[in-house]
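Observations on the three-dimensional arrangement
In case you want the letters, here they are:
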Amino acid sequence: MLAYLVKRVFQAVAVMFVISLIGFAIQDNLGDPLRELLGQSVSEEVRQELREELGLNDSFVIQYTRFLGKALQGDLGTSYFFKEPALDVILKKLPATLELVLGATFIIVGFSVPLGVYTAIRPNTILSRIIMGLSIVGISVPVFLTAILMIYVFAVGYGWFPSFGRGDLVHVFGYWETNFATLDGWSHIFLPSLALASIMLPLFIRLIRSEMMEVLQSEYVKYARAKGIWPWRIYFVHALKNTLLPVITVGGVQIGTMVAYTILTETVFQWPGMGFMFLEAVNRVDTPLIVAYLIVVGFIFVVTNTIVDLIYGLVNPMVNLARMGA
Amino acid sequence: MKNIIRTVAICVMSLAFATAVQAQTTVNVAYDADPVSLDPHEQLSGGTLQLSHMVFDPLVRWTQDLEFEARIAESWEQIDATTTRFKLRDGVKFHSGNALTAADVKWTFDRLKESDDFKGIFSLFTAVNIIDDLTIDLVTSEPYPLVLHTATYIFPMDSKFYSGTTADGKDKAELVKHGDSFASRNVSGTGPYVVSEREQGVKVVFDRFADYWDTASEGNVDKIVLTPIKEDPTRVAALLAGDVDFIAPVPPTDLKRVEENAGTNLITMPGTRIITFQMNQDRVEAFKDARVRKAIDYAVNNAGIVDRIMRGFGTVGAQASPAGYLGYNAELTPRFDVEMAQSLMKEAGYEDGFSITMMAPNNRYVNDDKIAQAVASMLSKINIKVDLQTMPKAQYWPKFDERAADMMMIGWHADTEDSANFHQFLSACQDDATGNGQYNSGAYCNAEADALMNASNSETDMAKRGEMLQKLEGILYDEAAFIPLHWQNLAWGAREGIHAEKIVNALNFPYFGDLVVDK
């Protein structure tokens, strides 16, 4: 177990190193940060001075070595726009994104299990067909379109929910301010969470359904039926448990992917999280922030995958992490 | 349990607070961007100037009809060819409580001369001399017609507030382009609003300044919450849903919706930003021939672009200066005649046409990529094959600096609100020493035009100056120095009861201090 974790830590460091290298290598192609820092009529001479001051004229190797040296001390550079250390900016935006992901996760877990199980045990009813049909729509419509549609229907049309932003927040600790403490906060987080969930929810319904259908065909379920066990106990205790293994694996990967989808959802809803911040940083050519974001997201991916592997070991005793680490 | 009680208490308190706020007049404003810094001298951009007009006051400001209106300067007179004397208003207080004096204006002027972004505008200004506590002389190195134009950029800062050092030993007056400075986070001006809360990229909260000098202003808004909403559909939805009261800009696709929706009003105005294409004579031999350039101008249907692509949301242009500018030449009319274009091409010996490359941004101007596509297809009618590439502005500007394509799009708004500025940056002979022609990717160069521009810049007789600048526009038109397309219109959306039509202007910084709202 310990060996496994140590190995994972090394992997994480390697992943982040590679990401930083790639991020750094592409930053020259992102555009010229000076355009966003200076007004239109500023002379070329002044531009060159500032470029020199920012160290943008140095060679790639010198710039990267300088970056790496600072990164090892926990300094990922200073954002041009926010004028603060890039890591601080991201950590300030992180809670908003995590709450959004959490909200979406609640919706996904809450709906995918019952709907998935229902469509598996009653595959031919009209309701099942409607659910499966809608899930195709959910998967195929891009999330920004779903989001805009929701705003127009529920915010502009009916006026049930606010159209943008986070609303009233309650400070918890550090940089963390939560949406879940006030009614206003809840109403603000509902639509963005739903939009974010709209991509993943159909995927999970379909996954649970197909796994469940397979399990329902297995010998032990038939045996349980033959024994006369109450059907709901078979579905939710015996069958569902065995359905969840692949769901957890996919789920872990998808939570990481969801962080990526937050870029679109947050942009549409003007949600002040790190996905929105990233898109803005790309538009503004805020290169230190872009590189720092990539590194942080890489870190999140590695961490979630590690946790999934650990949970997998707990759910399925046949998986031996210690041996995997060897 | 304790936590629950605390949470409930907070809920109740926030509800109570919310009702308390109701008593005040709050206006929620959504813009597509928020100011980069609280330092008014850090970056010359629309966002900074908008902030400056809320938190500071300029010596003079533009009215809706592009006239000058006295603000901090009560009156002014020219006392000799290079000196203008300004009388400052008495009893003006800064947010810190300090009284405004001539020393603050001088201090501000000296700081402007240090600013990378602003020193260009002030290059001909040598000094501010203090005559007495409320009188200053603004001195230029040569006779200069744009003294008042430039005075709109002097927003006196509180010199006492910005003097001294911070706790960590930094100079409070420090002007830093990137990184943390006292002035980028703290502000004290004379303006109608005090910045009471700011989270960059999320919101800025402004409260009415109790001791604001302009008691004659009818403005009755106690609090303004400025939220940047980048996405066009979201910004419009926020207005329609009633979550915000005032938005800018309104995208062309939603103009009708905002106008027809009950409860919201659309306010539009012709803008002053000209959208043009430049033809690079260094890269394409044929562009050296004025007949070819004219043929292109004749081939491009700019009225059609305004009508179809901009949905009428633009003013068709035939020159750089918009109506109202000194150099606006009413005789110049848009050219569109495909047959004429074809015969000009024939005359120049390019009947069979040629191939060129074209580049345009896709997120800088309204519908920029669609306009470029339209122009490219229009040029095919005169047998010019266009290889078009569009890209985000972040990648476009470095390409523009390299002059990477034969035809490139550029939009320009004159910082000085003056005609000569267009020529100086877009069509003057390129000269690194003076900075002329910095955005002239066409490499157009005409000594006569440059001489007219230079003469106009030291001509203080406005009638004569106007004549010169109009002649200059005429030359550029006759030679088809560039392809003028249109001036982008400006559009704001406001909730019913927000009388914003009186505070907007062609410069696109509404004077929120004078905003009147029905209670």
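For the structure given in this document, a descriptive report is provided here. Model, not experiment: these values are computed from the prediction. (Residues numbered from 1 in each chain as written. Chains lettered and ligands numbered in written order. Predicted model: local features only at pLDDT ≥ 70, side-chain atom pairs only at ≥ 80, totals over all residues. Heavy atoms only, no water.)

Residues and elements named next belong to chain B. Applying the stated rule across the entire model yields 37 aromatic pairs over all chains. With 6.2 Å between their ring centres and 65° between their planes, Phe-118 and Tyr-153 make a pair best called edge-to-face. Of this pair, Phe-118 sits in the loop between helix 3 (102-112) and strand 6 (125-132) while Tyr-153 is found in the loop between helix 4 (147-151) and helix 5 (182-185), placing the two residues 35 residues apart along the sequence. The same class applies to Phe-118 and to Tyr-153, which are both buried. Taken together, a centroid distance of 5.5 Å and an interplanar angle of 50° make the contact between Tyr-212 and Trp-213 tilted. Residue classification places Trp-213 among the buried positions, given a relative accessible area of 13%. Taken together, Tyr-396, Trp-397, Phe-400, Trp-412, Phe-425 and Tyr-439 form an aromatic cluster joined through their ring pairs. Across from the ring centre of Tyr-193, 5.5 Å away, lies the NZ or CZ of Arg-208, which sits over that ring. (Phe/Tyr/Trp six-rings, centres within 6.5 Å; stacked < 30°, edge-to-face > 60°. Helix = DSSP H or I, 4+ residues; strand = E, 2+ residues; numbered from the N terminus. Buried < 20%, exposed > 50% of the residue type's maximum accessible area, 1.4 Å probe, protein only. Lys NZ or Arg CZ within 6 Å of the ring centre and 35° of its normal.)

This model, assessed by the stated rule, comprises 28 salt bridges over all chains. Between Lys-230 of chain B and Glu-280 of chain A there is a salt bridge, with its nearest N and O atoms 3.9 Å apart. Here the residue Lys-230 of chain B occupies a position in the loop between strand 10 (223-228) and helix 6 (232-240), and Glu-280 of chain A occupies one in helix 11 (residues 274-284), the pair thus bridging two chains. For Lys-230 of chain B, a relative accessible area of 30% translates into the label partly exposed. The residue Arg-291 of chain B makes a salt bridge to Asp-289 of chain B at a minimum N-O spacing of 3.1 Å. When salt bridges that share partners are traced, they join Asp-57, Arg-61, Glu-69, Arg-71, Asp-214 and Asp-514 of chain B into one network. (Salt bridge = Lys/Arg side-chain N within 4 Å of Asp/Glu carboxyl O.)

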